[in-house]
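Summary of structural features
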Amino acid sequence: MNTLVIVAPPVYQKYVNAAALLCPEIIWIGPDVIELDNKRENVICFEANARVYEELHQVFRQVIEQYPVEQIETPYEFYIENVAYLREVFQIPGSTVAQIVPTRYKDVMKDCFVQHDVPCAKHKKISNLVDLTEFVQLHGYPMIFKPLNNAGSRNVFRITSEEEAVEKAKYFLDVLEEPFLAEEFIDIQQEGSYDVVIVGGKVVFGTISVYEPLVLETAARPGGQRIYIRHDLPKELDQAIRIYGQKAIEALNITHSFAHIEYMIDRKGRLLIGEVGARIPGAQIPLLMGLSQGISMEQVWAEHLIYRSCQHELNRTWHTGILFINAETDQPIQKLENLDLILQLYGEAIVYQQLPSIGQLPKLHRLNMDDTDAFIIVKDRSSKRVKEILDDISQLL
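What you see is a predicted model; the values in this text were computed from it and never measured.

Attention shifts here to unusual backbone geometry. Glycine aside, residues mostly have negative phi angles, and peptide bonds mostly take the trans form. Along the chain, Y141 connects to P142 via a cis peptide bond; the corresponding omega equals -5°. Checked against the element boundaries, P142 lands in the loop between α6 (129-139) and β6 (143-147). Across the junction of E212 and P213, the peptide omega takes the value -15°, indicating a cis bond. Topologically, P213 is positioned in the loop between β10 (202-212) and α8 (215-220). Positive phi values are uncommon outside glycine, yet E177 reaches one of about 55°. If you trace the backbone, E177 turns up in the loop between α7 (162-175) and β8 (180-184).

Counting buried residues in strand β9 (residues 188-199) gives 10 out of 12 residues, a clear majority hidden from the surface. Sheet topology note: the β9/strand β12 (residues 257-266) ladder contains 10 bridges and is antiparallel. Bridge pairing links E191 to M264 in β12. Two elements, β9 and β10, share eight bridges in a ladder whose sense is antiparallel. Along β10, the bridge assignment pairs S193 with S209. With antiparallel pairing between neighbouring strands as the criterion, β9 and β10 make up a hairpin whose turn holds two residues, including G200 at a positive phi of roughly 60°.

Moving on, we get to the sheet that holds β9. The eight strands lie next to each other as β13-β12-β9-β10-β11-β14-β16-β15, forming an open sheet whose pairing is antiparallel. The open sheet has two free edges, formed respectively by β13 (271-277) and β15 (350-354), since each of these has just one partner strand. Across the sheet, the mean angle from the axis of one strand to that of its neighbour is 20°, orientation sign disregarded. Contacts between helix α11 (residues 297-306) and the sheet are confined to β9, β10 and β12, with β12 contributing the most and set at about 120° to the helix.

Below, the discussion takes up α6. Every α-helix winds through 3.6 residues per turn, so residues three or four apart in the chain are directed the same way. All buried positions along α6 are accounted for by D131, L132, F135 and V136. Down the axis of α6, the buried set is contained in an arc of 130°. They therefore lie on one face. Away from its buried face by more than 90 degrees, α6 exposes V130, Q137 and L138. Buried residues along α6 sit in contact with β5 (123-126), β6, α7 and β8. Once α6 finishes, G140 follows within two positions and takes phi at roughly 65°, a positive value.

Calculation notes
- Residues numbered from 1 in each chain as written.
- Predicted model: local features only at pLDDT ≥ 70, side-chain atom pairs only at ≥ 80, totals over all residues.
- Heavy atoms only, no water.
- Helix = DSSP H or I, 4+ residues; strand = E, 2+ residues; numbered from the N terminus.
- Buried < 20%, exposed > 50% of the residue type's maximum accessible area, 1.4 Å probe, protein only.
- Pairing = 2+ DSSP bridges.
- Axes fitted to C-alpha atoms, helices over the stretch in contact; angles between N-to-C directions.
- Contact = heavy atoms within 4.5 Å.
- Arc of directions from axis to C-beta.

Now the structure itself:
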């Protein structure tokens, strides 16, 4: 491959640079990318707001008039659909719109799961209040409302009454003017993700994470969210997550991609698959994965993209965990409490930190934000020790 187009925002610069080490020429399309420092010499930048298809189409037309484009890809979830449209219009090889729809629209995704016996929450696409009434009669309250096409916990609501259901339904249908997904409420005791590399429709590499607290709890009470990469889950659970993760990949016909597979375990011990994104995970999970494995996930992504392979095997020696740091007020940061003590006590275990500066305006909530949050990452051979250290740091900082 001589010329590869990558459509991505600036936060993916490390991925673009990793690809530039393996490909003679990289065309990078994205917002605010031209003025970025530390780009490799063979990276050529074009500015575009890639969320707006017309703007992306216009810029890409300029690109193909100047360069012999062989492939166009994006690591960013919110560009996937527009990039698929470009492939079809300009006849570039790669995933089509029809192929990516099951990974973008939750109602289609969950229907695929049901058809392929992948355990998931009962659900229904809600296009009007009649649909809502039918779902309530079948499943009652509480329930979950969420957008059909979105990521993270944006506009995800726990509904506990008819009044609340009608209010939020009208928000989706009348204010946002779009249908939404209603799901049965799952009383979750554990949730996390299975983050994988897929070659030829098969998972060839993947790590399992655990979230604390639960995502809906974090949305309601921001602060102290943690994600752990764990290699010592009970054997039966580890195997089940991997087996159902593979079944979900097959149900959605994902053949060559990274994927972020959400799982949950309810109070009855049932394992359910949540949603699957055919993309690089967010929330600094690639950094956690790389630190647990001693590899660069940016390099893994580039090799997978360009060489169509993944040569890395899972190493279960090291566990990692991340603590996202949230401020208590919206005032400029004046002090980082007990930072010196934290470094004194746990400096050897802390393998990565990204802390806010004095005077900086804080982020009160890490959900719905780019991955530029304040955080600390810890690494140890014991997952129990990783949790203990992050618990202590959370209390001290």
